[in-house]
Amino acid sequence: MPGRRARARRERSRSSAAEDWTRPSRHPPRRRRAPGATAVVSGVWAFGRHNDDTTSTSFTAVYGAKAVAGKWTHLVGVFDADAGRLLLYVNGRLSATKAFTGTDWNAVGPVQFGRRLYQGAYGEYADGRLSDVRLYPTALPPADAAAPGGNATLTQLD
């Protein structure tokens, strides 16, 4: 759903989580980086956060399981502020975790789905399908992050 936006105020000092079902179109999936969301980077799933509030900011990301074109995948990215960790769950399994040492900052702009806004320009458009996006104002506990989020079970037909 490229271009769909939702207004959200999120403070980096608070924990949060993002959940979605994603199906990349290309094989291998095109490089797409979207810090603060799940994404495909060099053929693997990734979840990242900006380290500070500057236009040339660096980011911290975790890189997990291989992304498969044409296959629906359940993704959950968790930022646990108390533990200082980023966690990525792929199809109910913890796929990657990494320490996050960035500074606290407020992100008060719109949430981007299917594209990235960087230094005032849109780009890195998603090539695939995105469904059942959910944003949480807390770090999901492992049992909840590993669950399918109450979404219908999807079966891949080859």
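Calculation rules
By convention here, each chain's residues receive numbers from 1 onward along its written sequence. At least 70 in pLDDT is required for a residue's local features to be given in this predicted model, at least 80 for side-chain atom pairs to be given and counted, and no such filter applies to totals for whole chains, interfaces and linings, which use all residues. Where side-chain values are given, they derive from all heavy atoms of the structure, hydrogens and water being excluded. Runs of E in the DSSP output that reach at least two residues are strands. Runs of H or I that reach at least four are helices, and both are numbered from the N terminus. Remark: exposure states derive from per-residue accessible area (1.4 Å probe, protein chains only) relative to the maximum for the residue type, with buried under 20%, exposed over 50%, and partly exposed in between. In short, Shrake-Rupley with a 1.4 Å probe defines the accessible areas, and a residue's cover is counted only from the protein chains shown. Each nonpolar core is a collection of buried residues, namely Ala, Val, Leu, Ile, Met, Phe, Trp, Tyr and Cys, held together in the definition by side-chain atoms within 4.5 Å. Only heavy atoms enter the contact rule, under which two residues are in contact if any of them lie within 4.5 Å. Each pair of strands is called paired provided DSSP finds at least two bridges between the two strands. Note that patches include only residues with greater than 30% relative accessible area and no salt bridge, and the join distances are 9 Å for like charges and 5 Å for nonpolar side chains (Val, Leu, Ile, Met, Phe, Trp, Tyr). Salt bridges are counted wherever a side-chain nitrogen of Lys or Arg sits within 4 Å of a carboxyl oxygen of Asp or Glu. Here an angle of 0 to 180 degrees is reported between the N-to-C directions of two axes, which are lines fitted to C-alpha atoms, with helices fitted over the stretch in contact. pLDDT: the predictor's confidence for each residue, scored from 0 to 100.

1. Here's the deal with the overall build of the chain
Part 1 of the reasoning: Along its length, the chain carries one helix and 14 strands.
Part 2 of the reasoning: Buried positions account for 40% of the 158 residues belonging to the chain.
Part 3 of the reasoning: Accessible surface computed for the chain: about 8700 Å², of which carbon and sulfur atoms make up 49%.

2. Focus: the nonpolar core
Grouped burial of nonpolar side chains is what soluble globular proteins tend to show.
Part 1 of the reasoning: Residues Trp 45, Phe 47, Val 62, Ala 67, Leu 75, Phe 79, Leu 86, Leu 88, Val 90, Ala 96 and Phe 100 constitute the largest nonpolar core, which totals eleven residues.
Part 2 of the reasoning: Dropping the residues within four chain positions of it, Val 62 is found in contact with Trp 45, Ala 46, Phe 47, Leu 86, Leu 87, Leu 88, Ala 96, Thr 97 and Lys 98.
Part 3 of the reasoning: Formed by eight residues, the second largest nonpolar core is a distinct cluster that contains Val 76, Leu 87, Tyr 89 and Leu 140.

3. Side note on the environment of Phe 79
Part 1 of the reasoning: Here Phe 79 shows up in strand S7 (residues 73-80).
Part 2 of the reasoning: Phe 79 sits in the buried class, given a relative accessible area of 4%.
Part 3 of the reasoning: As for Phe 79 and Arg 14, which are separated by 65 residues in sequence, their C-alpha atoms are 8.4 Å apart.

4. Here we look at the pairing of strand S3 (residues 16-24)
Part 1 of the reasoning: Most of S3 is tucked away: eight of the nine residues are buried.
Part 2 of the reasoning: Sheet topology places S3 next to S7; seven bridges connect them, and they run antiparallel. Paired with Ala 17 across the strands is Val 78, a residue of S7.

5. Details of a nonpolar patch on the surface
Part 1 of the reasoning: The grouping of Leu 117, Tyr 122 and Tyr 125 at the surface amounts to a nonpolar patch, some 270 Å² of accessible area in total.
Part 2 of the reasoning: Among the structural elements, Leu 117 can be located in strand S12 (residues 116-118).

6. Section: the sheet that holds strand S8 (residues 85-90)
In any sheet, the strands associate via hydrogen bonds between backbone groups, in a parallel or an antiparallel arrangement.
Part 1 of the reasoning: The strand order S9-S8-S7-S3-S14 describes an open sheet built from five strands, whose pairing is antiparallel. The open sheet has two free edges, formed respectively by strand S9 (93-99) and strand S14 (128-136), since each of these has just one partner strand. Each neighbouring strand pair of the sheet contributes to a mean axis angle of 15 degrees, computed without reference to strand direction.
Part 2 of the reasoning: Here S3 pairs with S14 via seven bridges, running antiparallel. Paired with Trp 21 across the strands is Ser 131, a residue of S14.

7. Digging into the confidence of the model for the chain
It should be kept in mind that the predicted coordinates are not to be read in detail where pLDDT is low.
Part 1 of the reasoning: Put simply, the chain has an average pLDDT of 76, and 73% of its residues get 70 or more.
Part 2 of the reasoning: Below a pLDDT of 50 lies the segment residues 28-35, which in the model reaches 30 contacts outside its immediate sequence neighbourhood of four places, other chains included.
Part 3 of the reasoning: Low confidence marks residues 150-158, where pLDDT is under 50. Its contacts with residues over four positions away, or in another chain, come to eleven contacts.

8. Digging into the environment of Pro 148
Part 1 of the reasoning: Inspection of the secondary structure puts Pro 148 in the segment after helix H1 (142-146).
Part 2 of the reasoning: You can call Pro 148 partly exposed: its relative accessible area is 44%.
Part 3 of the reasoning: Sequence spacing of Pro 148 and Asn 91 is 57 residues, and the spatial spacing of their C-alpha atoms is 7.6 Å.
Part 4 of the reasoning: Those residues in contact with Pro 148 that sit more than four places away from it in its chain are Glu 19, Trp 21 and His 74.

9. So, the pairing of S9
Part 1 of the reasoning: Where S8 meets S9, six bridges bridge the pair, whose relative direction is antiparallel. Bridge pairing in S9 links Leu 86 to Lys 98.
Part 2 of the reasoning: A loop of two residues connects S8 with S9, the two strands running antiparallel in sequence, and Asn 91 in this loop sits at a positive phi of about 50 degrees.

10. With respect to the environment of Glu 124
Part 1 of the reasoning: Here Glu 124 is to be found in the loop between strand S13 (121-123) and S14.
Part 2 of the reasoning: Considered as a pair, Glu 124 and Gly 114 are ten residues apart in the sequence and their alpha carbons are 8.1 Å apart.

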